Amino acid sequence: MLVVAGLGVLAPPPLNRVATLVGLAVLASASPWLALALAGWGLWRSRRGVGAAVVLALGVILGLKQVASSLALPAAIQTASVPVSAACSVAAAWLAAPHAGGRSLAMVLGCLGTLVAGQLGWAWAAPTSMERLARAQHIDAVHLFYDGLVKRGRGGGCALVIDSACPGDPALLEALVRAVPNRDEAALALGWSAALSLGWRPQRAAGHAVDVARALESAGRGGEAYRLLSRHPRAGEVDGFMSLMERVEGATVDWHGGGIGPLVPGVIELDEELATNGEVVLEFTATGALGDSALALEGSSFEGAPRVTVHLDARPSIERAVDGAVTVPLGALEPGPHRLTVRFDDDRVGAGGDRNVIVRTLAAD
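For every chain, the first residue of the written sequence is number 1, and numbering continues from 1 along that sequence. For a predicted model such as this one, the threshold for reporting local features is a pLDDT of at least 70, and the threshold for listing and counting side-chain atom pairs is 80 or more; totals across whole chains, interfaces and linings nevertheless cover every residue. Hydrogens and waters are ignored; side-chain quantities use all the structure's heavy atoms.

Caption draft 1: Layout of the overall build of the protein. When helices and strands are counted, the protein shows 14 helices and eleven strands. Relative accessibility under 20% of the residue-type maximum defines a buried residue, over 50% an exposed one, and the middle range a partly exposed one, all with a 1.4 Å probe and only protein chains included. Put simply, the protein has 365 residues, and 41% of those count as buried. Considering only residue pairs separated by 6 or more positions, the protein has 58% of its internal contacts joining residues 24 or more positions apart. The method behind every accessible area is Shrake-Rupley, applied with a 1.4 Å probe, and residues are considered shielded solely by the protein chains displayed. Element-wise, carbon and sulfur atoms account for 59% of the exposed surface of the protein, whose accessible area totals about 17700 Å². Elements are defined by DSSP. Helices are runs of H or I of four residues or more, strands are runs of E of two residues or more, and each kind is numbered from the N terminus. In this analysis, two residues are considered to be in contact whenever any of their non-hydrogen atoms come within 4.5 Å of each other.

Spelled out as structure tokens, the structure:
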């Protein structure tokens with residue numbers, strides 16, 4: 001493509017025209033509308049050298065991007081056929097315009113319009129919503145049909161004569177999430193938990209942002225969770241959970257007063273029993289700087305005392321044997337949200353007894 005770009009800028013006619021056409025075709029495989037806009041700009045300005053340089057430079061970048069996408073998603077190449085055809089038509093009109101005259105140019109552009117309209121009409125005439133989606137994917141035009149397909153997936157209309165997606169079709173919503181994972185509408189209509197399992201990449205998740213962010217963090221996608229919340233005003237629960245993520249990652253905490261869970265100073269009663277291996281997680285908010293905190297535990301021994309691991313935010317973990325009533329000092333607390341985790345993975349049971357742990361209270365003042 002670098003050779004093609006050089007030919008497009010430096011070579012004499014007709015080689016520069018051929019190179020420019022190839023560049024437009026490559027560009028169109030990744031961004032057809034940009035290719036059309038640049039071709040129209042070049043036609044209007046009638047400065048083919050400048051137009052060729054711009055188009056081919058972008059064609060190299062976006063063409064390589066499309067090839068890279070095809071390695072992970074083979075359909076990326078299949079959906080490029082129509083945009084490439086359209087770009088070839090536009091390029092022909094652009095390059096031939098100085099010699100072909102207005103009538104020839106109008107004919108070429110008319111053929112281009114007919115091609116695009118025919119492809120869109122083919123998708124629109126699909127007998128079912130699922131088939132319409134499949135055809136739209138084939139011509140890389142899902143964005144033109146997306147809103148209408150989401151409406152039918154929700155059960156909001158029966159425009160098609162034969163349509164298994166009317167009223168409502170979770171399978172259609174699932175297909176939309178897979179086809180366009182970086183839009184929220186189909187994902188939220190389907191249910192955000194199911195959508196995440198299908199590869200949804202939430203943008204705002206309006207009305208569910210904190211719940212979705214929690215699920216992302218639990219799945220090891222903490223950076224994505226933080227970026228999601230950063231698209232919302234930093235207040236209330238959004239601020240609380242963003243501050244919590246900052247603290248557990250050991251970053252600077254920019255707390256604006258949003259609360260998560262119960263408040264301290266005071267005593268938080270938990271009384272949660274770990275009868276088998278597992279963990280208790282407590283999220284709470286310190287309304288100000290606190291000088292001391294401690295966790296109260298109670299253990300039942302069997303062939304040895306149970307052992308727990310206590311995590312507070314990003315601090316080093318504490319391992320402790322729990323033989324009867326035990327208090328674990330946690331130290332001072334900074335203002336804002338905190339996360340405390342008590343993990344028990346030392347369970348043992350037999351005819352003579354059972355190891356258990358009860359997480360009693362958290363006290364802070």
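Caption draft 2: Seen up close, the pairing of strand E4 (residues 293–300). Only one face of E4 is buried, namely the one carrying Ser 293, Leu 295, Leu 297 and Gly 299, since none of Ala 294, Ala 296, Glu 298 and Ser 300 on the opposite face is buried. Strands pair, by our definition, only if DSSP identifies at least two bridges between them. Examined bridge by bridge, E4 and strand E11 (residues 356–364) share eight bridges and lie antiparallel to one another. Among the inter-strand pairings, Ser 300 is bridged to a residue of E11, identified as Asn 356. Direction of pairing for E4 relative to strand E7 (residues 324–329): antiparallel, over a ladder of six bridges. Across the sheet, the residue bridging to Leu 297 is Val 326, located in E7.

Caption draft 3: Structural context of the side chain of Arg 247. On the secondary structure map, Arg 247 appears in helix H14 (residues 236–248). Overall, Arg 247 belongs to the buried group, its relative accessible area being 9%. There is a polar contact of 2.6 Å between the side chain of Arg 247 and the backbone oxygen of Pro 335. If we skip the residues at most four places from it in the chain, Arg 247 touches Val 253, Asp 313, Ala 314, Glu 334, Pro 335, Gly 336, Pro 337 and His 338. Pairing of N or O atoms within 3.5 Å defines a polar contact, subject to two protein rules: one partner must be a possible hydrogen donor and the other a possible acceptor, and residues neighboring in sequence count only if both atoms are side-chain atoms.

Caption draft 4: Highlighting unusual backbone geometry. Of note in this structure, Ala 205 is not a glycine but carries a positive phi near 50°. By the element assignment, Ala 205 lies in the loop between helix H11 (192–197) and helix H12 (209–218). Phi at Asp 313 is positive, roughly 55°, even though this residue is not glycine. Among the secondary structure elements, Asp 313 is positioned in the loop between strand E5 (307–312) and strand E6 (318–321).

Caption draft 5: Inspection of the confidence of the model for the protein at higher detail. Of the residues in the protein, 64% reach a pLDDT of 70 or more, and the chain-wide mean stands at 78. Confidence scores per residue from the predictor, reported as pLDDT, run from 0 to 100. The low-confidence segment residues 70–86, where pLDDT is below 50, has 23 contacts with residues more than four positions distant or belonging to other chains. Scored below 50 in pLDDT, residues 159–165 makes 16 contacts in the model with residues more than four places away or belonging to other chains.

Caption draft 6: The arrangement of the side chain of Ser 293 in detail. Relative to the assigned elements, Ser 293 resides in strand E4. Look at Ser 293 and you get buried, because its relative accessible area is 1%. A polar atom in the side chain of Ser 293 sits 2.7 Å from the backbone oxygen of Gly 331. Every residue in contact with Ser 293, bar those within four places of it in the chain, is listed here: Pro 329, Leu 330, Gly 331, Leu 333, Ala 363 and Ala 364.

Caption draft 7: Inspection of the sheet that holds E6 at higher detail. Here we have five strands laid out as an open sheet, ordered E1-E3-E8-E5-E6, and mixed in their pairing. Both edges of this open sheet fall to strand E1 (263–264) and E6, since each of them pairs with a single strand only. Every angle, taken between N-to-C directions, lies between 0 and 180 degrees, and every axis is a line fitted to C-alpha atoms, over only the stretch in contact when it is a helix. Seen against the sheet, H14 touches strand E3 (278–286) and strand E8 (336–344) and runs at an angle of roughly 60° to E8.

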